[in-house]
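Chain and residue survey
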Amino acid sequence: MLNIKNLHAKIEDGAEILKGINLEIKPGEVHAIMGPNGAGKSTLSSVIAGKEDYEVTDGEIFFEGKNIIEDAPEERAHKGIFLSFQYPVEIPGVSVTNFIKAALNENRKANGLDDMSAKEMLSEIREKSELLGIKKDFLSRSLNEGFSGGEKKRNEIFQMLMLNPKLAILDETDSGLDIDALRIVSEGVKHFKNQGNAVLLITHYQRLLNYIQPDFVHVLADGKIIKTGDKSLALELEEKGYDWLLN
Ligand SMILES: Nc1ncnc2c1ncn2[C@@H]1O[C@H](COP(=O)(O)OP(=O)(O)OP(=O)(O)O)[C@@H](O)[C@H]1O
Ligand SMILES: [Mg+2]
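Residues numbered from 1 in each chain as written. Chains lettered and ligands numbered in written order. Predicted model: local features only at pLDDT ≥ 70, side-chain atom pairs only at ≥ 80, totals over all residues. Heavy atoms only, no water.

Some remarks on the site of ligand 1
To be explicit about the condition: Residue proximity to a molecule or strand is established when one non-hydrogen atom of the residue lies within 4 Å of it. Polar contacts, as counted here, are pairs of nitrogen or oxygen atoms within 3.5 Å of one another; within protein the pair requires one atom able to donate a hydrogen and one able to accept it, and residues that are adjacent in sequence qualify only if both atoms are side-chain atoms. Per-residue accessibility takes into account occlusion by the displayed protein chains alone, with areas from the Shrake-Rupley method and a 1.4 Å probe. A run of H or I in DSSP becomes a helix once it reaches four residues, and a run of E becomes a strand once it reaches two; helices and strands are each numbered from the N terminus. Residue classes follow a fixed rule: Ala, Val, Leu, Ile, Met, Phe, Trp, Tyr, Cys and Pro count as nonpolar, while Asp, Glu, Lys and Arg count as charged, and any other residue, Gly among them, counts as polar.
With respect to spatial proximity, 14 residues lie near ligand 1, and among them Gly38, Lys41, Thr43, Tyr54 and His204 are the closest. In this structure, an oxygen atom belonging to ligand 1 sits 2.9 Å away from a main-chain N or O atom of Ser42. Considering ligand 1 on its own, with 630 Å² of exposed area, one finds that the protein chains cover 62% of that surface. The element that contributes the greatest number of residues to the shell around ligand 1 is helix 1 (residues 41-49), accounting for three residues. Of the residues belonging to the shell around ligand 1, the class tally is five nonpolar, seven polar and two charged.

Here's what the structure looks like:
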């Protein structure tokens, strides 16, 4: 599904941040990326999603067999790549519901589909919001305006479930969640997951991986993947930290 080869990227006029990333994600897989602060994890997710703050200086990103390096962020989203935000933006005056309706229909349009019927939209919204314990009045609030940390994260998972992407990249969706919210968000991800899609989870904590079992755990440090293992690697990192890998 996603195949990243020797990816190098830097900020415009800045230092290199990604220094040769290789990563292959197949349908049905869950990959976790862990690693020290400032290693380049969020940069990697931004570069996969096509954010324009970064310049790819070498390497390739294939999504479903096609090189997407030249594609704009919207095109990548239309192809089925979803990125949650570590720091979500506020959009005053646009409600949670209207935002997701517009995003969903835009996606459908780009894929040659008609708008979702109002009835279907309503039932989708109802089903997904109930699953995540999102209350009705929350859906009519302005996007991210005054949302608590946990509400933002829950809304990201709501967006993911509604958009039903092929590849969901979740950047620190677990940070700042209380125990119940963590469980709800994890249930949402589990509900989303099937044999045809994939999840790339960026996290600092092993505990999310107790709920969502990863097939692979990668350690990203200083712009490179320095170790790959299975879920036991996350436990080992929790116990030993990163130092033993860095030297
Ligand atoms: N737009 C930018 N402008 C300047 N520096 C940037 C920019 N984006 C990333 N960097 C720098 O690149 C490095 C990697 O940042 P990145 O956000 O990818 O790290 P991270 O692994 O996600 O860290 P954290 O675990 O703290 O979220 C950092 O040193 C950061 O300051
Ligand atoms: Mg980050």
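Some remarks on the pattern of salt bridges
Spelled out, the test is: Between Lys or Arg on one side and Asp or Glu on the other, a salt bridge is scored when a side-chain nitrogen of the former is within 4 Å of a carboxyl oxygen of the latter.
In the structure shown here, the tally under the stated rule is ten salt bridges. Linking Asp180 and Arg183 is a salt bridge whose minimum nitrogen-to-oxygen distance equals 3.2 Å. Taken together, the positions of Asp180 and Arg183, both in helix 7 (residues 179-192) and three residues apart, correspond to about one turn of that helix. Connected via shared salt-bridge partners are Glu124, Glu127 and Lys128.

Considerations on the sheet that holds strand 2 (residues 16-25)
The condition that has to hold: Two strands are counted as paired when DSSP detects at least two bridges linking them.
Across the sheet, which stays open at both edges, the four strands sit in the order 2-1-4-5 with antiparallel pairing between neighbours. Looking at which strands have only one partner, the edges of the open sheet turn out to be strand 2 and strand 5 (66-67). The pairing of strand 1 (residues 2-11) with strand 4 (residues 54-63) spans eight bridges and is classified as antiparallel. Counted as the bridge partner of Lys5 is Glu60 from strand 4.

Considerations on helix 3 (residues 96-110)
This is how it is decided: Helices are assigned an expected span. That span is 1.5 Å times one less than the residue count. Burial classes: relative accessible area under 20% of the type maximum marks a residue as buried, over 50% as exposed, and values in between as partly exposed (1.4 Å probe, protein chains only). In what follows, a contact means two residues having at least one pair of non-hydrogen atoms within 4.5 Å.
Between the first and last C-alpha of helix 3 there are 21 Å, a value that for 15 residues agrees with the 21 Å anticipated at 1.5 Å per step. Those residues of helix 3 that sit buried are Val96, Thr97, Ile100, Ala103, Leu104, Asn105 and Asn107. The secondary structure elements touched by the buried residues of helix 3 are helix 2 (73-79), strand 7 (91-95), helix 4 (118-131), helix 5 (136-139), strand 8 (142-143) and helix 6 (149-163).

Details of unusual backbone geometry
If you check the backbone angles, Asp13 has positive phi at about 55 degrees while not being a glycine. Mapped onto the elements, Asp13 comes out in the loop between strand 1 and strand 2. The exposure class assigned to Asp13 is exposed, which follows from its relative accessible area of 80%. The phi angle at Asn144 is positive, at roughly 65 degrees, despite the residue not being glycine. Here Asn144 lies in the loop between strand 8 and helix 6. When its relative accessible area of 5% is taken as the criterion, Asn144 is described as buried.

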